[in-house]
Amino acid sequence: MKKSVRFIMMCSALISLLLAPWAQVEAAPPGIHTNAVGASLIDVESGRILYSEKGDTPMRIASLTKIMTAIIAIEQGKLNDKVKVSKTAFGKEGSSIYLKLGEEMRLHDMLYGLMLRSGNDAATAIAEYVGGSVEGFVYLMNEKARMLGMDHSHFTNPSGLDEGEGHRSSPNDMAKLTAYALKNPVFKEIVSTKLKKVPNPNEAWDYSWLNKNKMLSLFEGADGVKTGYTKLAKRCLVSSATRNGQQLAVVTLNDGDDWADHARLLQYGFTYFPLQTIVKKGDAVEGTPWVAGRTFTYPLADGEAAKLTHKVTLVDPASTDYRLAERGTLQYSLQQNLIQTVPIYDKSSPLLQAQSKSAFSFQEGKPYQETLLSQYSLVCRMLVQELFSISKSKWAD
C-alpha cells in the first residue's frame, strides 16, 4: 500500500515538472473574426495597431474620405469664415444637407453637416473654400496623407463618391488618419455630437442634423467617428470609444455587419490591450542622476511588459538641448522595435513643471450615460430622419 502511494506521488511530481514550462507560457490574445474585407484596430494615443485584416491593401472608402476633408479644413480654414455654396456644390449627388445655391454658412457649422449627415454638397463647398478649387483641395489631401505616412492611400475627391478610379485608402492608413484627427479638439467635438442645430437663413427653422453614426448610442464610451457607403465600396465605418483613459478606433471596409463587428473589436481592444504605465514624469532613471521628462503609457497584452527593453542615450553637452536642461533620452522598445522616446532632465528642470499634454493631445471622453427613454427617443428620431434621407436621395453617403 505504501509503495502504491509513493508511486502515485512520484508520478504527480513528474507530471508537474513536465507541465511547469507550459504553465509559464504567456497567454496571447485570442483570435477574432469580422465580416469586413479589411479592418484595423488602433490605440489612438500611441498609434499602435492592435489588429488588422488586409491592413495595407488599398480599397474604396466611400465617405470615410470626409475624415481627411474635415481635418484639413479645421487646420487650414478659419472656423468663423462664411463658406459660399457654388454651382458645383449645389445639388451634388448622393448624401446631402440640402444647401441652397449661393447660401453662406460658417465653416464650423458646415463641418457638422459634413460629418454628421455626410453632406457631399458640404464636402464640395468646403473643398472649394479651403483649396481654391476641388482640384486644389485634393492636392492638399494627398500631401497630408504623405505627411502622415499613409503610404497606401490616394485621394481624388473630398467626398468619397465613386467618381473615376484611383480613390483608395487602406484600413491601417485610415486608422492612422483617425488617430491623428481625434487629437484635434474641434474634430473630436464634432464627431462625438449626436444632434446639432445650425441657423438656417432660408427657413424659419434651424437645420437639425442627427448623427448617422449609431455607434454613439450602441457602445458604452463611444465618441466618433464616421459612416460611409457607396454601391461599389459597400458599408464602411470608423468608430472610436474611450474607457478608463484609453481611446481606441476601429476601421472596417466593406462590412455587412459593421455595428456588431465594431462593438466586438472595441471590446477586444479594451480587454486584451489595456493601457499600462511604463514610466511616470519625475521617476528616477536607473543608473543616472536624472528623471523621466514625461509619463509614458502604452497598450500591452498580457506578458508583453516583460518584453519591453530600454536604453539611455546622452545629449551632447555642447548642444542647445543640453543647455535647456535635457540630459538625454530614454528609448523604449518592444521586441526590438522602438515604440517611444522619453526625454530625461535634471531633477530641478523647470520643464518638469510644464504640461505634459498639448492642446491637441488625447483627453478622456465623457462616459456613456443615457437613460432608456433618451435612447428610445434618439432611435425614433434617427429612423424618421433616415427615412426622410432615403426618400430624398437614391445615392448613399
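Here the structure is a predicted model, which is why all the values come from computation and not from measurement. (Residues numbered from 1 in each chain as written. Predicted model: local features only at pLDDT ≥ 70, side-chain atom pairs only at ≥ 80, totals over all residues. Heavy atoms only, no water.)

Caption draft 1: Geometry of the sheet that holds strand β2 (residues 49–53). Taken in spatial order, the five strands of this open sheet run β2-β1-β9-β8-β7, and their pairing is antiparallel. Looking at strand neighbours, the two that pair on one side only are β2 and β7 (222–230), the edges of this open sheet. Averaged over neighbouring strand pairs, the angle between their axes works out to 5° when direction is ignored. Two elements, strand β1 (residues 36–43) and β2, share four bridges in a ladder whose sense is antiparallel. (Pairing = 2+ DSSP bridges. Helix = DSSP H or I, 4+ residues; strand = E, 2+ residues; numbered from the N terminus. Axes fitted to C-alpha atoms, helices over the stretch in contact; angles between N-to-C directions.)

Caption draft 2: Structural detail: the packing of helix α2 (residues 65–76) against helix α4 (residues 120–131). Two elements in contact, α2 and α4, have axes separated by 10 Å at closest approach and are oriented at 40°. In terms of axis orientation, α2 runs oblique to α4. Here α2 runs over α4; the crossing is left-handed. For the pair formed by α2 and α4, the contact residues are Lys66, Thr69, Ile72, Ala73 and Gln76 on the first element and Asn120, Ala123, Ile126 and Val130 on the second. Looking at the contact of α2 with α4 residue by residue, the classes come out as five nonpolar, three polar and one charged. (Parallel < 35°, antiparallel > 145°, perpendicular 65-115°, else oblique. Left-handed = near helix turned anticlockwise from the far one by under 90°. Contact = heavy atoms within 4.5 Å. Nonpolar A, V, L, I, M, F, W, Y, C, P; charged D, E, K, R; others polar.)

Caption draft 3: Examining the nonpolar core more closely. In terms of nonpolar packing, the biggest core is built from 59 residues, with Ile67, Met68, Leu111, Met115 and Phe187 touching the most fellow members. Residue contacts for Leu111: discarding those within four places in its chain leaves Ala70, Ala73, Ile74, Leu79, Ile126 and Ile190. Listed in part, the 19 residues of the second largest apolar core include Leu237, Leu265, Leu266 and Phe273. (Core = buried A, V, L, I, M, F, W, Y, C linked by side-chain atoms within 4.5 Å. Buried < 20%, exposed > 50% of the residue type's maximum accessible area, 1.4 Å probe, protein only.)

Caption draft 4: Seen up close, the side chain of Asp223. Note on placement: Asp223 falls in strand β7. With no salt bridge to any partner, buried Asp223 finds its closest opposite charge in Lys188, at an N-O distance of 5.5 Å. A distance of 3.3 Å separates the side chain of Asp223 from the backbone nitrogen of Ala241, its partner in a polar contact. Looking at Asp223, its side chain comes within polar contact range of the side chain of Gln247, at 3.3 Å. (Lys, Arg positive; Asp, Glu negative; His and termini not counted. Salt bridge = Lys/Arg side-chain N within 4 Å of Asp/Glu carboxyl O. Polar contact = N/O pair within 3.5 Å; in protein donor to acceptor, adjacent residues only side chain to side chain.)

Caption draft 5: Fine view of the sheet that holds strand β14 (residues 326–334). Taken together, four strands build an open sheet; the order of strands is β11-β15-β14-β13 and the sheet is antiparallel. Only two strands of the sheet have a single neighbouring strand rather than two, namely β11 (291–292) and β13 (308–314). Bridge count for β14 against strand β15 (residues 337–345) is eight bridges, and the pairing is antiparallel. From the neighbouring strand, Gly328 faces β15, where its bridge partner is Ile344.

Limitation: the analysis is restricted to geometry and does not speak to function.
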